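Listed below are the residues making up each chain.
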Amino acid sequence: MIERIWSGRSALYLLLLPFSLLYGLISNLLRLSYCWGWRKVWRAPVPVVIVGNLTAGGNGKTPVVIWLVQALQQRGFRVGVVSRGYGGKAESYPLVLCEETTTREAGDEPVLIYQRTGAAVAVAPQRRLAVEALVSGGGVDIIITDDGLQHYALARDVEIVVVDGERRFGNGWWLPAGPMRERASRLKSVTAVIANGGHAQPGELSMQLVPGQAVNLLSGERRPAAQLQNVVAMAGIGHPPRFYNTLRQQGVVIQKEVSFADHQNYTADTLNALITDGQTLLMTEKDAVKVRAFATDSWWYLPVDAMLPDEQATLLLNKISVLIPR
């Protein structure tokens, strides 16, 4: 239902417009309070790059963070990542991730980023605390924030916005009548706009999510996803249909699709109930980091990587690299 409302296919959004106008008023006043100096903005001692979005729901932001971290690491920089840690409940903050950190403590995206990149990752609802935890030992040259475009208390040197190239901005209204956290005009002030799939607009960088081979959660075996049989596909992400479409494009025959809320916590009983003997459970990598501890040999996940055209990627990386002191 919410997808129909946000996409403009349902007139029910009209009932929510008063709440959207209030949301827009508050968000604009909050931003202006920082722009005009009414609230204090904290600047980190190292460059800060924000990777965020204007809309609620999955836009492919985390794959962009992973791509950016790995690309800067390849250039020899020590990269730190900070996140609010949505969905995690740590005993205290800031929480600096280690091998033993669980998604229940840090949230799923920070754990995924840590496992994929090996970068220093810290989470805290107040992102300044996470940044301070990473830079206090002098171990990072640059900070990438996973989300936080609207967290104006933290000064930023680069703003990258990831846009769903197919859904774009829906009906264009603020939450809850529409998907917008800020209006599309905000794009005029950011460093770069990356369009995930669809058709990039003039001035935007195009990106595709490229799937790898399916990985068995228990054994680590890799094989083409199309070779998996009797597949039940599940996804607890912002926009599950994108995952299912990706599987079909890879030649996967899906017997059943099961969607969960973004940042959903799972139990072994919940997932075991999704399949019967002889069926294969295929999930996103974001879901996999939450269930690895109780996985069975019939559970697989499909990793994806952000892919940008070489020329566009190089220009963006050069723009960021010149900010980092040598």
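Note that the coordinates shown come from a computational prediction; the quantities given were computed from them, not determined experimentally.

A. Looking closely at the nonpolar core. In this structure, Val-49, Val-51, Leu-68, Leu-72, Ile-144, Ile-160 and Ile-320 are the most contacted members of the largest nonpolar core, which totals 41 residues. The element that contributes the greatest number of residues to this core is helix α3 (residues 61-74), accounting for 8 residues. Residue contacts for Leu-72: discarding those within four places in its chain leaves Phe-77, Val-79, Ile-142, Ile-144, Leu-317, Ile-320 and Ser-321. Counting residues in hydrophobic clusters, the runner-up holds 24 residues, among them Ala-122, Ala-124, Leu-154 and Val-163.

B. A look at the sheet that holds strand β11 (residues 231-235). With mixed pairing, 6 strands are arranged side by side in an open sheet as β10-β9-β14-β13-β11-β12. A single partner strand is all that each edge strand has here, and the edge strands are β10 (222-223) and β12 (254-259). Pairing between strand β13 (residues 280-284) and strand β14 (residues 299-302): 4 bridges, direction parallel. Directly across from Met-283, in β14, lies its bridge partner Tyr-301.

C. Expanded view of the packing of aromatic side chains. Tallied over the full model, the rule gives 4 aromatic pairs. Between Phe-243 and Tyr-244 the ring centres are 6.0 Å apart and the planes differ by 55 degrees, which places this aromatic pair in the tilted class. Relative accessible area serves as the criterion here: at 7%, Phe-243 is assigned to the buried category. Both rings, one in Phe-260 and one in Tyr-266, keep their centres 5.1 Å apart while their planes meet at 80 degrees; by these two values the pair is edge-to-face. By relative accessible area, Phe-260 is classed as buried at 18%. The ring centre of Trp-173 lies 5.6 Å from the NZ or CZ of Arg-183, which sits over that ring.

D. Structural detail: the sheet that holds strand β5 (residues 142-146). Taking strand neighbours across the sheet as the criterion, the 9 strands line up as β3-β4-β2-β5-β1-β6-β7-β8-β15 in an open arrangement whose pairing is mixed. Across the chains shown, the open sheet's two edge strands, defined by having one partner strand only, are β3 (95-96) and β15 (304-307).

E. Up close: a nonpolar patch on the surface. Together, Leu-22, Leu-25, Ile-26 and Leu-29 give the surface a local cluster of nonpolar side chains, amounting to about 390 Å² of exposed area. When you line up the elements, Leu-22 lands in helix α2 (residues 13-35). Its relative accessible area of 47% is what places Leu-22 among the partly exposed residues.

F. Highlighting unusual backbone geometry. At the junction of Tyr-93 and Pro-94, the peptide bond is cis and its omega measures out at 0 degrees in the coordinates. Among the structural elements, Pro-94 can be located in the loop between β2 (79-83) and β3. Cis geometry marks the peptide bond from Leu-175 to Pro-176; its omega dihedral reads 0 degrees. Position of Pro-176 among the secondary structure elements: in the loop between β6 (158-164) and β7 (192-196). In this model, His-263 sits at a positive phi of 65 degrees, which is unusual for a non-glycine residue. Relative to the helices and strands, His-263 resides in the loop between β12 and α8 (268-272). Classification of His-263 as buried rests on a relative accessible area of 16%.

Conventions adopted
Residues numbered from 1 in each chain as written. Predicted model: local features only at pLDDT ≥ 70, side-chain atom pairs only at ≥ 80, totals over all residues. Heavy atoms only, no water. Core = buried A, V, L, I, M, F, W, Y, C linked by side-chain atoms within 4.5 Å. Buried < 20%, exposed > 50% of the residue type's maximum accessible area, 1.4 Å probe, protein only. Helix = DSSP H or I, 4+ residues; strand = E, 2+ residues; numbered from the N terminus. Contact = heavy atoms within 4.5 Å. Pairing = 2+ DSSP bridges. Phe/Tyr/Trp six-rings, centres within 6.5 Å; stacked < 30°, edge-to-face > 60°. Lys NZ or Arg CZ within 6 Å of the ring centre and 35° of its normal. Patch = residues over 30% accessible without salt bridge, like charges linked within 9 Å, V, L, I, M, F, W, Y side chains within 5 Å. Areas by Shrake-Rupley, 256 points an atom, 1.4 Å probe, with all protein chains shown as cover. Salt bridge = Lys/Arg side-chain N within 4 Å of Asp/Glu carboxyl O.

Read these as geometric descriptors, not functional statements.
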